[in-house]
Amino acid sequence: MKKLVYCAHSGETIKYSEYIFKFVYDKGYLPLDPFLTVPYYMGTWVCAKGSKKQNIEDTTDFMLHCDELWIFGENKEDFFKKGGVRKEVKEWKQRKGEDTIKYFTWKEVGIPKYTPGSKWHD
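These lines cover the structure that appears in this document, whether it is placed above or below. Computed from a prediction, not measured in an experiment: that's the story for all the values here.

1. Notes on the overall build of the chain
And then number 1: The helix and strand inventory of the chain stands at 6 helices and 4 strands.
And then number 2: Listing the helices and strands of the chain from first to last along the sequence gives β-α-β-α-α-α-β-α-β-α.
And then number 3: Looking at the 122 residues of the chain, the share that counts as buried comes to 36%.
And then number 4: Taking contacts inside the chain between residues at least 6 apart in sequence as the whole, the part at least 24 apart equals 68%.
And then number 5: In the structure as shown, the chain presents an accessible area of about 7700 Å², 55% of it carried by carbon and sulfur atoms.

Printed below as a string of structure tokens:
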């Protein structure tokens, strides 16, 4: 059975969710991205009836069923720029420790913007 990986990243980077899915899957794991599992509208307005707190509790429950926590961002400073990711990491460390947390940059994931030679590369 494949290990389940919770993919933590800012809501501002939801556009990268499918790249993240492919990256995790290509490494032999099964990805769980909260933005694709329970999209923002569904999670906040339909399931949680407008309660961001309830949405956070639901996604935390998803997260804690996973085997590993993978954090994605531009660079080391970017990993913790948003409060949601900080909360996820804090909760994970309290409940599962630090050994199963991994960090990946967008370049490592292969986001076109960060692939040298692509039309999106800076």
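2. A look at the pattern of salt bridges
And then number 1: Applying the stated rule across the entire model yields 3 salt bridges.
And then number 2: Residues Lys102 and Glu68 are paired through a salt bridge, measuring 3.3 Å at the closest nitrogen-oxygen approach. Here Lys102 is found in strand β4 (residues 101-105), whereas its partner Glu68 is found in strand β3 (residues 68-73), with 34 residues between them in sequence.
And then number 3: With a shortest N-O distance of 2.8 Å, Arg95 and Glu91 are connected by a salt bridge. Taken together, the residues span about one helical turn, with Arg95 and Glu91 both in helix α5 (residues 83-96) at a distance of 4 residues.
And then number 4: For Arg95, a relative accessible area of 58% gives the class exposed.

Reading the values: rules and limits
Residues numbered from 1 in each chain as written. Predicted model: local features only at pLDDT ≥ 70, side-chain atom pairs only at ≥ 80, totals over all residues. Heavy atoms only, no water. Helix = DSSP H or I, 4+ residues; strand = E, 2+ residues; numbered from the N terminus. Buried < 20%, exposed > 50% of the residue type's maximum accessible area, 1.4 Å probe, protein only. Contact = heavy atoms within 4.5 Å. Areas by Shrake-Rupley, 256 points an atom, 1.4 Å probe, with all protein chains shown as cover. Salt bridge = Lys/Arg side-chain N within 4 Å of Asp/Glu carboxyl O.

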